[in-house]
Amino acid sequence: MSDETGQESTNAAEPPIQVIVIPVTPFQQNCSLVFDRRTLQGAVVDPGGDVERIRQAIDGHGVTVEKIVLTHGHIDHVGGAADLAAELGVPVIGPHQADRPLIARVQEQAASFGLSGARPVDPDQWLEEGDTVEFAGRVFEVLHCPGHAPGHVVFFDRELRFAFSGDVLFAGSIGRTDLPGGDHATLIRSIREKLLPLGDDVTFLPGHGPASTLGHERQTNPFLQ
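Heads up: these notes are all about the structure in this document. This structure is a prediction, so every number in the text was calculated from the model and none was measured.

This paragraph deals with the sheet that holds strand E12 (residues 203-206). The strand order across the open sheet built from six strands is E6-E7-E8-E9-E12-E13, with neighbouring strands paired in mixed fashion. Edge strands, defined here as strands with exactly one partner in the open sheet, are strand E6 (132-135) and strand E13 (212-213). Pairing of strand E9 (residues 162-166) with E12 involves four bridges; the strand directions are parallel. In the strand pairing of E12, Gly 166 is matched with Pro 206.

Structural data, given as structure tokens:
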């Protein structure tokens with residue numbers, strides 16, 4: 001993975017995809033530009049806002065964006081999706097349709113946090129458990145992981161052992177459950193039944209903060225002990 005400058009964050013062997021993390025909105029949400037290193041075709045994951053900053057990253061890396069994919073319907077993950085999709089002329093994929101009411105209330109969410117410029121998006125495809133989504137030359141499995149949001153999904157590349165986890169699991173923490181549609185017991189069940197069985201070697205990029213591995217979180221995350 002890389003930061004917004006394209007600086008590599010690891011010295012490991014170069015993977016077939018590159019992930020540029022673009023922190024957006026006052027919530028510093030990890031919007032991700034992910035693309036095939038060879039073809040420079042890719043996707044934007046969770047464009048929550050600051051569309052111009054996202055466009056600069058896309059143009060700066062010469063990426064052809066094929067689609068926008070969403071993990072869930074909270075404002076800091078979907079607030080810029082409608083505008084970015086219109087500018088790029090690409091479809092919006094996800095999340096699960098259980099988040100339809102959240103997405104419809106994006107402008108209410110914005111007002112409650114004193115934000116402006118966000119607007120609802122009408123996804124071209126809702127996702128279900130067991131679906132797959134192709135982007136950046138990879139096939140990502142879709143895991144429906146409610147608890148933080150009813151329609152939250154995680155995107156998992158089984159071969160690369162890598163996942164975009166959204167706000168389900170963080171390094172040292174878990175997603176909030178005090179927002180509308182949240183439920184603590186459901187979130188813990190999603191983590192224990194959907195994520196942890198993927199394997200300790202899986203690296204995940206959450207919606208906020210640094211990446212981690214499922215094994216590290218299994219052993220050290222206080223919410224999972």
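Moving on: the environment of Leu 224. Relative to the elements of secondary structure, Leu 224 occurs in the segment after helix H7 (214-220). Residue class for Leu 224 comes out buried when judged on its relative accessible area of 5%. In this structure the C-alpha to C-alpha distance between Leu 224 and Arg 158, which are 66 residues apart in sequence, comes to 23 Å. Apart from residues lying up to four places away in sequence, Leu 224 is in contact with Leu 169, Ile 188, Ile 191, Arg 192, Leu 196, Glu 217 and Arg 218.

Space inside the second largest pocket adds up to approximately 340 Å³. Taken together, 16 residues make up the lining of the second largest pocket; nearest its centre are His 74, Asp 76, Phe 113, Arg 176 and Leu 179. Elements with a minimum of two residues in the lining of the second largest pocket: helix H2 (75-78) and helix H5 (106-112). Class assignment of the residues belonging to the lining of the second largest pocket gives a composition of seven nonpolar, four polar and five charged.

Right, let's get into the packing of aromatic side chains. Enumeration according to the criterion identifies six aromatic pairs in this entry. Ring geometry for Phe 135 versus Phe 164: centroids 6.4 Å apart, planes at 40°, classification tilted. Residue Phe 135 is located in strand E6, and its partner Phe 164 is located in strand E9; the two are separated by 29 residues in the primary sequence. Each member of the pair, Phe 135 together with Phe 164, is buried. A ring pair is formed by Phe 140 and Phe 164, whose centres lie 5.9 Å apart and whose planes are at 45°; its orientation type is tilted. In this pair, Phe 140 is assigned in strand E7 (residues 138-144) and Phe 164 in strand E9, connecting sequence segments 24 residues apart. Since its relative accessible area comes to 0%, Phe 140 is described here as buried. Residue Phe 164 is classed as buried on the basis of its relative accessible area, which comes to 2%. Put simply, the rings of Phe 135, Phe 140, Phe 155, Phe 162 and Phe 164 pair up and form one aromatic cluster.

Here we take up the nonpolar core. Grouped together as the largest cluster of nonpolar side chains are 29 residues, with contacts concentrated most on Ile 22, Leu 33, Val 44, Ile 54, Ile 58 and Ile 68. Going through the elements one at a time, strand E1 (17-24), strand E2 (29-36), helix H1 (51-60), strand E4 (64-69), H2, helix H3 (81-88) and H5 are the ones with two or more residues in this core. Formed by 19 residues, the second largest nonpolar core is a distinct cluster that contains Val 19, Val 34, Val 69 and Phe 135.

Another aspect to go through is H3. Every buried residue of H3 is accounted for by Ala 81, Ala 82, Leu 84 and Ala 85. Considered in projection along H3, the buried side chains sweep an arc of 170° and stay on one side of the axis. Gly 89, located one to two residues past H3, shows a positive phi value of around 65°.

Criteria and cut-off values
- Counting restarts for each chain: residues are numbered from 1 in the order of the written sequence.
- Residue-level local features of this predicted model are given only where pLDDT is at least 70; pairs of side-chain atoms are given and counted only at 80 or more, and the full residue set underlies all totals for whole chains, interfaces and linings.
- Only hydrogens and water are set aside; all other atoms, that is, all heavy atoms of the structure, feed into the side-chain values.
- Note on pairing: two strands pair once DSSP finds at least 2 bridges between them.
- A run of DSSP states H or I qualifies as a helix once it reaches four residues; a run of E qualifies as a strand once it reaches two. Both are numbered from the N-terminal end.
- To sort residues, take the accessible area from a 1.4 Å probe on protein chains only and compare it with the maximum for the residue type: under 20% means buried, over 50% means exposed, and anything in between is partly exposed.
- A contact between two residues is defined here by any heavy atoms of the two lying within 4.5 Å.
- Note on definitions: the grid is 1 Å and covers protein atoms alone; a cavity is a set of points where a 1.4 Å probe fits but cannot get out; a pocket is an open set with protein on both sides within 12 Å along at least five of seven lines; lining residues have an atom within 4 Å of a point.
- Grid points are joined across faces, edges and corners, and a volume is the space filled by probe spheres set on the points.
- Residues were grouped as follows: Ala, Val, Leu, Ile, Met, Phe, Trp, Tyr, Cys and Pro as nonpolar; Asp, Glu, Lys and Arg as charged; and all remaining residues, including Gly, as polar.
- A pair of aromatic rings is counted whenever rings of Phe, Tyr or Trp (Trp by its six-membered ring) have centres within 6.5 Å, and the orientation is called stacked for planes under 30 degrees apart, edge-to-face for over 60 and tilted otherwise.
- Note on terminology: a nonpolar core comprises buried Ala, Val, Leu, Ile, Met, Phe, Trp, Tyr and Cys residues joined through side-chain atoms within 4.5 Å.
- The arc in question is formed by the directions pointing from the helix axis toward the C-beta atoms.

None of the figures reported here should be taken as evidence of function without further support.
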